Structures are given as C-alpha cells and as structure tokens.
Amino acid sequence: MAGRLDWKVALVTGGGSGIGQATALAFAREGAKVVVADVLVEGGEDTVKRVNSASGEAVFVKTNVAEAAEVEAMVEYAVDTYGRLDCAFNNASIAGAGARTAEYTREQWDRVISVNLTGVWLCMKYEIDQMEKTGCGRYR
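About the cut-offs
- Residues numbered from 1 in each chain as written.
- Predicted model: local features only at pLDDT ≥ 70, side-chain atom pairs only at ≥ 80, totals over all residues.
- Heavy atoms only, no water.
- Helix = DSSP H or I, 4+ residues; strand = E, 2+ residues; numbered from the N terminus.
- Expected span 1.5 Å × (residues − 1).
- Buried < 20%, exposed > 50% of the residue type's maximum accessible area, 1.4 Å probe, protein only.
- Polar contact = N/O pair within 3.5 Å; in protein donor to acceptor, adjacent residues only side chain to side chain.
- Contact = heavy atoms within 4.5 Å.
- Axes fitted to C-alpha atoms, helices over the stretch in contact; angles between N-to-C directions.
- Parallel < 35°, antiparallel > 145°, perpendicular 65-115°, else oblique.
- Left-handed = near helix turned anticlockwise from the far one by under 90°.
- Nonpolar A, V, L, I, M, F, W, Y, C, P; charged D, E, K, R; others polar.
- Pairing = 2+ DSSP bridges.
- Right-handed = clockwise from strand over helix to strand, strands pointing away.

1. What about helix α4 (residues 106-134)?
Argument step 1. A rise of 1.5 Å per residue sets the reference length of α4, with its 29 residues, at 42 Å; its end C-alpha atoms lie 40 Å apart and thus fit the reference within 8%.
Argument step 2. For α4, the set of buried residues is V112, V115, G119, L122, C123, Y126, E127, Q130 and M131.
Argument step 3. Following α4 by one or two positions, G135 adopts a phi angle in the positive range, close to 75°.

Quick look at the structure:
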C-alpha cells in the first residue's frame, strides 16, 4: 500500500527529540523523505538513524531557527538534497526560564520569543517562498 506522502519531502524543525522526532518518524512511515533540523546535533542524528534504519530516508541539518541565515540555509539544503519541499512541521521551541513574570529578565524573554515565535515565522517565510517557486506544498 502506498504511503500518503510518497514522493514528498518533509522538513521537521526540533526533530531531534519528542514530538519533532515522532513526527519525523511518522512522515517517513508515510513515505516522505525527511529533513530533520535541530540545534542539537546528537538528537538530530539519532532521529535520522531511526528513520533510515526503519527503511525511510532522512538527512540532518543543524539549524538555529532564531537565525534567519540558518533558516534560509536549512530550506536551501532541503531543496538541494531532495529537489523540492512539500511540507514542514515547524516544531522547534524552548521552554524558557521557570521564573515569575516579575523576575524574568528581558534577555530571557527575548530568547523565548526569538525561538518560539520569530523562529516559526522565519521558517514559514523561507518555506513558503520555496514552495511558491516550485509549485509544491500547500501554504494558503
């Protein structure tokens, strides 16, 4: 039986653990080629190993989603590797400090916002641009 994502390319940020890793494995089970992105190399490489050992196909790219140049390079890597980008799961996030609001520093706040909000926006910005160029994916 054909997978629902046969011939598709999926990009998963935060793919080195937890929900991101589970999603990368699910995409692969459905036939997608998976690009796993994470700031933590060990976790990302572990996910790729799991996908590939289960007869899937995956590659890893180290990416800090809070950095525009890294996000742009991540999307370019996906397209250079597999020729297209069909779907993305922008899952990378951080928990931040476990502090009361009044005790939270501006630096702590800015870091959480840069990863959890700006990082998702940057990913979508470059992913959608690529999908529009190639006519792949759904982005509206």
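2. Quick notes on the environment of R29
Argument step 1. Tracing the backbone shows R29 in helix α1 (residues 18-29).
Argument step 2. The sequence separation of R29 and L40 amounts to 11 residues, and the corresponding C-alpha distance is 23 Å.

3. A look at the side chain of T13
Argument step 1. As for its position among the elements, T13 is in strand β1 (residues 9-13).
Argument step 2. There is a polar contact of 2.8 Å between the side chain of T13 and the backbone nitrogen of N91.
Argument step 3. With sequence-adjacent residues up to four places away left out, T13 is seen in contact with A37, V65, M74, F89, N90, N91, A92 and C123.

4. A closer look at the packing of α1 against helix α2 (residues 41-53)
Argument step 1. As a packed pair, α1 and α2 sit with axes 10 Å apart at the nearest point and diverge in direction by 25°. Comparing the axis directions of α1 and α2 gives the class roughly parallel. Seen along the crossing, α1 lies across α2 with a hand that is right-handed. Counted together, Q21, A24, L25 and A28 of α1 and G43, D46, T47, R50 and V51 of α2 form the full contact between these two elements.
Argument step 2. Residue composition of the contact of α1 with α2, by class: four nonpolar, three polar and two charged.

5. Observations regarding the pairing of strand β2 (residues 33-38)
On any regular strand, side chains alternate: one points to one face of the sheet, the next to the other face.
Argument step 1. With five of six residues buried, β2 lies mostly within the body of the structure.
Argument step 2. Direction of pairing for β1 relative to β2: parallel, over a ladder of five bridges. Paired with L11 across the bridge in β2 is V35.
Argument step 3. The sheet contact formed by β2 and strand β3 (residues 57-62) spans six bridges and is parallel. Paired with D38 across the two strands is K62, which belongs to β3.
Argument step 4. On the question of chirality, the crossover connecting β2 to the parallel β3 by way of α2 is right-handed.

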